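Reading the structure
Each chain, written out:
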Amino acid sequence: FTFPTFLAFVAEMLLVSPAIGFAFGMITSRLMRRLVSPTHARLDIQLFCTFACGYGSFFVAQYLLDVSGVLACCTAGVTLSLFAPLKVLSDHQFHAVWENVEWSCNTLIFLLADFI
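Residues numbered from 1 in each chain as written. Predicted model: local features only at pLDDT ≥ 70, side-chain atom pairs only at ≥ 80, totals over all residues. Heavy atoms only, no water.

Some words on the packing of helix α2 (residues 43–64) against helix α3 (residues 69–83)
A pair of packed helices is characterised by two quantities: the angle between their axes and the separation of those axes. The condition that has to hold: For helices, the fitted axis covers only the stretch in contact; all axes are lines through C-alpha atoms, and the angles between them, taken along N-to-C directions, range from 0 to 180 degrees. Elements are defined by DSSP. Helices are runs of H or I of four residues or more, strands are runs of E of two residues or more, and each kind is numbered from the N terminus. By the definition adopted for this analysis, an angle is roughly parallel if under 35 degrees, roughly antiparallel if over 145, roughly perpendicular if from 65 to 115, and oblique otherwise. Helix crossings get a hand from a simple test, with the near helix turned counterclockwise from the far one by less than a right angle marking a left-handed crossing and a clockwise turn marking a right-handed one. In this analysis, two residues are considered to be in contact whenever any of their non-hydrogen atoms come within 4.5 Å of each other. By the convention adopted, Pro, Cys, Tyr, Trp, Phe, Met, Ile, Leu, Val and Ala count as nonpolar, Lys, Arg, Asp and Glu as charged, and the other residues, Gly among them, as polar.
Orientation of α2 relative to α3, taken along the N-to-C sense of each, is 150 degrees, at an axis distance of 7 Å. As judged from the angle between their axes, α2 and α3 are roughly antiparallel. α3 is crossed by α2, and the crossing has right-handed handedness. For the pair formed by α2 and α3, the contact residues are Thr50, Cys53, Gly54, Ser57, Phe58, Ala61 and Gln62 on the first element and Gly69, Val70, Ala72, Cys73, Ala76 and Leu80 on the second. Classifying every residue of the contact of α2 with α3 by side-chain character gives 8 nonpolar, 5 polar and no charged.

Spelled out as structure tokens, the structure:
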């Protein structure tokens, strides 16, 4: 690496990845607003949208555009936390599901680490 190529690499990672995450977060926030109405309240649709936002932003950034998927996923999460809370139907149920997913993933990681 030369210094100019290093700067170009860092600029690409720090600008493109968050832009992808922000775009995914905004699209998901608007999609949640359109799909959920007081007469049609479905928590499973909202949960699917948040899962798809996180994994979709990571996949597009990491594998399709060769930039940081982690930065894109984190930016998508921050964008959703800023714009989507007003659209979440049941905050308690939403957090309960995400806490169970977090516990399951942590358990799986430690089990796999133990086997290796």
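Comments concerning a nonpolar patch on the surface
Where we set the bar: Each patch is built from residues that are more than 30% exposed by relative accessible area and take part in no salt bridge. Like charges join if they lie within 9 Å; nonpolar side chains (Val, Leu, Ile, Met, Phe, Trp, Tyr) join within 5 Å. Accessible surface is estimated by sampling points in the Shrake-Rupley manner with a 1.4 Å probe; for residues, cover comes only from the protein chains shown. Salt bridge, as applied in this entry: a Lys or Arg side-chain nitrogen positioned within 4 Å of an Asp or Glu carboxyl oxygen. Only protein chains enter the accessibility calculation, which uses a 1.4 Å probe. A residue is then buried if its area is under 20% of the maximum for its type, exposed if over 50%, and partly exposed in between.
Nonpolar side chains collect at one region of the surface, where Leu14, Leu15, Val16, Phe59, Tyr63, Leu64, Leu65 and Leu71 lie side by side and expose about 800 Å² of accessible area between them. Every element with two or more residues in the nonpolar patch is listed here: α1 (3–35) and α2. Look at tyrosine 63 and you get exposed, because its relative accessible area is 55%.

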